[in-house]
Amino acid sequence: MSNAGPFTVFAPTNAAFDKLPAGTVDDLLKPENKEKLTNILGYHTYVGTLKTEYMQDGQEFDMVFGGKVKITKKDDKTFVNGSEIVASIPTSNGI
């Protein structure tokens, strides 16, 4: 990707990674799986800054490598594709 951003990355928690079959991450880090890893990362990345306080229930966003994510709100919580957004960390090139 040659875009300088800003970006919003919906990064899974450590607990989500722990649910993957053993060896999945190590396998994705192999040079021959670079395209597969790029697609996964692109699915979790949005070009632009999305702040949870401005997200609306039912909104959908197009991700870098295709696919959409859907935002839902329940009580004071915000979810992306059913997973709760537990933190928003501002960075120099997005969130």
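Residues numbered from 1 in each chain as written. Predicted model: local features only at pLDDT ≥ 70, side-chain atom pairs only at ≥ 80, totals over all residues. Heavy atoms only, no water.

The subject of this paragraph is the pairing of strand S4 (residues 68–74). Inspection of the sheet shows strand S3 (residues 60–62) paired to S4 by three bridges, in the antiparallel sense. In the strand pairing of S4, Phe61 is matched with Val69. Pairing of S4 with strand S5 (residues 77–80), which is carried by four bridges, proceeds in the antiparallel orientation. Opposite Lys73, over in S5, you have Thr78 as the bridge partner. Following S4, the chain reverses through two residues before pairing antiparallel with S5; Asp75 in that reversal takes a positive phi of roughly 55°. (Pairing = 2+ DSSP bridges. Helix = DSSP H or I, 4+ residues; strand = E, 2+ residues; numbered from the N terminus.)

What follows covers the layout of surface pockets. Of the voids in this model, the largest pocket is the one considered here, and its volume is about 930 Å³. For the largest pocket, the lining is made up of 31 residues, of which Phe10, Ala11, Pro12, Thr13 and His44 are closest to its centre. Those elements giving two or more residues to the lining of the largest pocket turn out to be strand S1 (7–9), helix H1 (14–18), helix H2 (24–28), helix H3 (34–43) and strand S6 (83–84). No other element matches the four residues that H3 contributes to the lining of the largest pocket. Per-class residue counts for the lining of the largest pocket are 23 nonpolar, seven polar and one charged. (1 Å grid on protein atoms, 1.4 Å probe; cavity = no way out; pocket = protein on both sides within 12 Å on 5 of 7 lines; lining within 4 Å. Points joined across faces, edges and corners; volume = space filled by probe spheres on them. Nonpolar A, V, L, I, M, F, W, Y, C, P; charged D, E, K, R; others polar.)

So, about the environment of Asp62. The topology assignment puts Asp62 in strand S3. Sequence separation between Asp62 and Tyr43 is 19 residues; the distance between their C-alpha atoms is 8.9 Å. What Asp62 contacts, discounting residues up to four positions off in sequence, is Tyr46, Gly67 and Lys68. A polar contact is formed between the side chain of Asp62 and the side chain of Lys68, at a distance of 3.1 Å. (Contact = heavy atoms within 4.5 Å. Polar contact = N/O pair within 3.5 Å; in protein donor to acceptor, adjacent residues only side chain to side chain.)

What follows is about the nonpolar core. Formed by Phe10, Tyr46, Leu50, Met55, Phe61, Met63, Val69, Ile71, Val80 and Ile85, the largest nonpolar core amounts to ten residues. With near-sequence residues (within four places) excluded, Tyr46 lies in contact with Pro6, Phe7, Thr8, Phe61, Asp62, Met63 and Val64. (Core = buried A, V, L, I, M, F, W, Y, C linked by side-chain atoms within 4.5 Å. Buried < 20%, exposed > 50% of the residue type's maximum accessible area, 1.4 Å probe, protein only.)

Spatially, the four strands line up as an open sheet ordered S3-S4-S5-S6, and their pairing is antiparallel. Since the sheet does not close on itself, it has two edges, and those belong to S3 and S6, each with one partner. As paired elements, S5 and S6 share two bridges and run antiparallel to each other. Within S6, the residue paired with Phe79 across the bridge is Glu84.

Don't take any of this as a statement about function, it's just geometry.
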